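# Report on the structure
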Amino acid sequence: MTSVIIFGLLIALMLTGMPISIALGLTVLTFIYTMTNVPTESVALKLFTGIDNFEIMAIPFFILAGNFLTHGGVARRMIDFARSMIGHWYGGLGLAGVLACALFAAVSGSSPATVIAIGSIMLPAMVKQGFPKRFGAGVITTSGALGILIPPSIVMVIYCVATGGNIALDPAGQRVSSASVGQMFIAGVIPGLMLATLLGLTTFYRAWRNDYPRLPKASWGERITAFRKCVWGLLLILIVLGGIYAGVFTPTEAAAISAVYAFVIAVFVYRDMTLRDVPKVLLGSANMSAMILYIITNAVLFSFLMANENIPQQIANWITSIGVGWIVFLLVVNVLLLIAGNFMEPSSIVLIMAPILFPVAVKLGIHPVHLGILMVVNMEVGMCHPPVGLNLYVASGIAKMGITELTIAVWPWLLTMLIFLGIVTYVPEISLWLPRMLGML
């Protein structure tokens, strides 16, 4: 009954059109003041300690790095490199768009940033070469979603923050802790590469079937020149992932280093930005960071209420008592997350659902890293379909297309993403093999 009251109140507030972050906070305060004896001081303390977390600091740094890279010419050089490598295949510019999105995702950590950086350059070029606008928009909208799956990923950091400090019992009664940011980053490498490959195959097939234009084959000299121009951006991938795995620095420190590195190459190496542009980038990053941190603060309060009322454990015990196995549970999780993706943006979904799903998943023998990757892939799908798919709105502004027309355009690639979601759901080793081989699990 308690969980019904809490979620009923939350849904009722959200239906009024109230921002999700405020709805979370009001739900907690209303329930605590009217139905519990929890002292007010504990709520105030939780507001402070909820974001007093070293891993949370990675979020504003990755946002800042992504903004420097978006405005600093890195995307254009990655596009030129991708075009020189595979532009002569069927749908050459489309395939180059997928590859460029994958490369930029590996340095930005954000899907909207990837769509803006790659799409604003690639979409006009594709239309000019003779591709249908729908084809180009579909490629960039869905490929841009790789920004939250290929590490570093802001959504992965949020998942670790949402489940951080949680301990659950596995089927053998052993205590299992939540996943770390480093584990999630490494676990996202193979799924990210797989999804990029599948999106590329979908692009190639549609281009081959419709005989879309191809670029002249670039010489090896042109390829080497394009690589040399974008190598400074690609080095950021090695710095972040290599530094984390080698134990040189933590993921949060890697985020700070990536922000400084992105600033240096944008302003002093590529010189596509001037020092006058820096305050604007800093202000934009601060606005986005403040929005995410405000959501996190209220979501931490909501998690505190869940834990105080022992709701996740009750749900876990109920599910195991009725004999639901991990196969059915993961199917239900996918359906719930896909439905939630119709109404909320990824950060809010992860912050609300992860603390609830984590103990249930562990009790059914599902690894926290596998659950995290599963949630991230669901968030990717949610960003590419209406009514609140963020990538759709970003791509709509770039392509000058209506949401309905763009929704029709993305369906072939969205169907590919749904098939991949089914694969990654029921083949855990896709997520767990690499971190296990590297000794991180």
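Basis of the calculations
Residues numbered from 1 in each chain as written. Predicted model: local features only at pLDDT ≥ 70, side-chain atom pairs only at ≥ 80, totals over all residues. Heavy atoms only, no water. UniProt positions renumbered as here; feature names shortened; annotations may be inferred. Helix = DSSP H or I, 4+ residues; strand = E, 2+ residues; numbered from the N terminus. Polar contact = N/O pair within 3.5 Å; in protein donor to acceptor, adjacent residues only side chain to side chain. Buried < 20%, exposed > 50% of the residue type's maximum accessible area, 1.4 Å probe, protein only. Salt bridge = Lys/Arg side-chain N within 4 Å of Asp/Glu carboxyl O. Contact = heavy atoms within 4.5 Å. Expected span 1.5 Å × (residues − 1).

Within an unreviewed UniProt entry, the label attached to the protein reads TRAP transporter large permease protein, and the organism entered is Bradyrhizobium jicamae. Recorded in UniProt under Sequence similarities (unreviewed entry), the annotation for the protein is "Belongs to the TRAP transporter large permease family."

## A few points about the side chain of threonine 297
When you line up the elements, threonine 297 lands in helix H14 (residues 278–308). Among the polar contacts listed, one links the side chain of threonine 297 to the backbone oxygen of leucine 293, at a separation of 2.8 Å.

## Brief notes about unusual backbone geometry
For the peptide bond that leads from proline 151 to proline 152, omega is 0 degrees, which places it in the cis range. Inspection of the secondary structure assignment puts proline 152 in the loop between helix H8 (133–143) and helix H9 (154–163). One non-glycine residue, aspartate 211, lies in the positive phi region at around 55 degrees. Relative to the assigned elements, aspartate 211 resides in the loop between helix H11 (189–210) and helix H12 (220–245). Exposure remark for aspartate 211: the relative accessible area of 58% places this residue in the exposed category. At lysine 400, a residue that is not glycine, the phi angle is positive and equals roughly 55 degrees. Judged by relative accessible area, which is 67%, lysine 400 ranks as exposed.

## A short note on the pattern of salt bridges
Overall, the coordinates contain 5 salt bridges when judged by the stated rule. Salt-bridge contacts for glutamate 429 lead to arginine 436; the nearest nitrogen and oxygen are separated by 2.6 Å. One network of salt bridges, with partners in common, ties together Arg76, Arg77 and Asp272.

## A closer look at helix H21 (residues 429–437)
Residues of H21 that are buried: Ile430, Ser431, Leu432, Leu434 and Pro435. Packed against the buried residues of H21 are helix H10 (181–187), H11, helix H18 (368–382) and helix H20 (403–426). Glycine 439 sits one or two residues past H21 and shows a positive phi near 75 degrees.

## Considering H11
With 22 residues, H11 ought to run about 32 Å at 1.5 Å a step, and its terminal C-alpha atoms sit 32 Å apart, in line with that. Buried within H11 are the following residues: Pro191, Gly192, Leu195, Ala196, Leu199, Gly200, Thr202, Thr203 and Ala207. Among the structural elements, helix H6 (92–108), H8, H10, H18, H20 and H21 are those in contact with the buried residues of H11. Positioned one or two residues after H11, aspartate 211 has a phi angle of 55 degrees, which is positive.

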